[in-house]
Structures are given as structure tokens and as C-alpha cells.
Amino acid sequence: QFGEDKTVIREKEEAEGKLPATQTAHHYNENIRQVNALAKEYGFYALFYWQPTIFGKLYRSSYEEIEKGKAQPIQGFVEEVNELLFADDLAYENIRFYNLSDLFMTNQDPVFIDWCHVGEKGNLIISQRMIRDIKPIIDSLDTSKRQFNE
């Protein structure tokens, strides 16, 4: 699509019914690129996480099944955004982007309180997963060179 007229692209996407998902994935990816550029410019680390949803969980409790049913109208949109998002070239731009969408895929415990929010157990699992990415960065920092404003 590089170099194509944006009007032509928009008309194609509208005809295929993909416009909202395409725009969502595009805007998310552009936000990541902008934050990553700021991180490089100002010397901070940026890590990005794509959260799991109830749609990616194979073993759902009866409550989670009810919540999935309530969110059925947006399932196709969510899945399409996921597909488009991960088809982009973020992995090639030295961006710390972590896809957690399948984190609960085989988890048999109830973790979701609705289609995209998790309870205490889910938050614990997510935070433990994030620590794997964050701890090496913290460990690598040379704290003797830090300057603190008093």
C-alpha cells in the first residue's frame, strides 16, 4: 500500500468492511512509533503490551462464557485488529512490543471480569509476565550515573 492514494485505500477498505479495524491498528502502531521516538530522544525505555481478551481464552468459566457472549458483537473487530496489528513491521524497528493476547489461552482458572478486563488473578499473571521484560532493563541500568533533582 505504500505510495497508494489514501482515498483509494480508504475506498477499498470501506468496500471490504475493514476500515475501523485498519484505522485502529494503524493509529496504535503510529502511537507506538511516536512514543518510541520520544524514548530514544529523551533517554527512557518504552515497553508496549497488547493485552489478552476473553476471545483468546480456550477454557472459560461459566461466568466468562456469559461475558464473552455479551461482547460477541465486537469479537470480529477485536480479532481483525489483532491480525492487522501483528502483521505490521513493529518487530523490525527495535521496538519493545509484547503480544500478550494468548497469555490466558490455556489457563483454566477464571481471570476475566468482562471481555477485556481481568481480576486479581489475571493481573498477577500479567504482572509476572511483564517482570520478565522489565527486570533485565532495570538490572542493566548503571545507577551510579543517575542524577536526581533534590
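Residues numbered from 1 in each chain as written. Predicted model: local features only at pLDDT ≥ 70, side-chain atom pairs only at ≥ 80, totals over all residues. Heavy atoms only, no water.

Caption draft 1: Focus on helix H5 (residues 120-140). Its 21 residues give H5 an end-to-end C-alpha distance of 30 Å, which sits within 8% of 30 Å, the value for a rise of 1.5 Å per residue. Along its length, H5 reaches its greatest deviation from straightness, about 35°, at Arg132, and the proline Pro136 lies no more than four positions downstream. Within H5, the full set of buried residues consists of Gly122, Ile126, Arg129, Asp133 and Ile137. For H5, the secondary structure elements touched by its buried residues are strand E1 (47-50) and strand E2 (96-99). (Helix = DSSP H or I, 4+ residues; strand = E, 2+ residues; numbered from the N terminus. Expected span 1.5 Å × (residues − 1). Bend = angle between axes of the 7 residues up to and from the residue. Buried < 20%, exposed > 50% of the residue type's maximum accessible area, 1.4 Å probe, protein only. Contact = heavy atoms within 4.5 Å.)

Caption draft 2: Structural view of the environment of Asp139. If you trace the backbone, Asp139 turns up in helix H5. Reaching out from Asp139, the side chain makes a polar contact with the side chain of Lys135 at a distance of 2.6 Å. (Polar contact = N/O pair within 3.5 Å; in protein donor to acceptor, adjacent residues only side chain to side chain.)

Caption draft 3: Local environment of the pattern of salt bridges. Applying the stated criterion to the full structure yields seven salt bridges. Across the pair Lys57 and Glu64 runs a salt bridge whose closest N-O atoms are separated by 2.8 Å. Each of the two residues, Lys57 as well as Glu64, counts as buried. Among the ionic pairs, Lys135 bridges to Asp139, the shortest N-O distance being 2.6 Å. Here Asp139 and Lys135 lie together in helix H5, a separation of four residues that amounts to about one turn. (Salt bridge = Lys/Arg side-chain N within 4 Å of Asp/Glu carboxyl O.)

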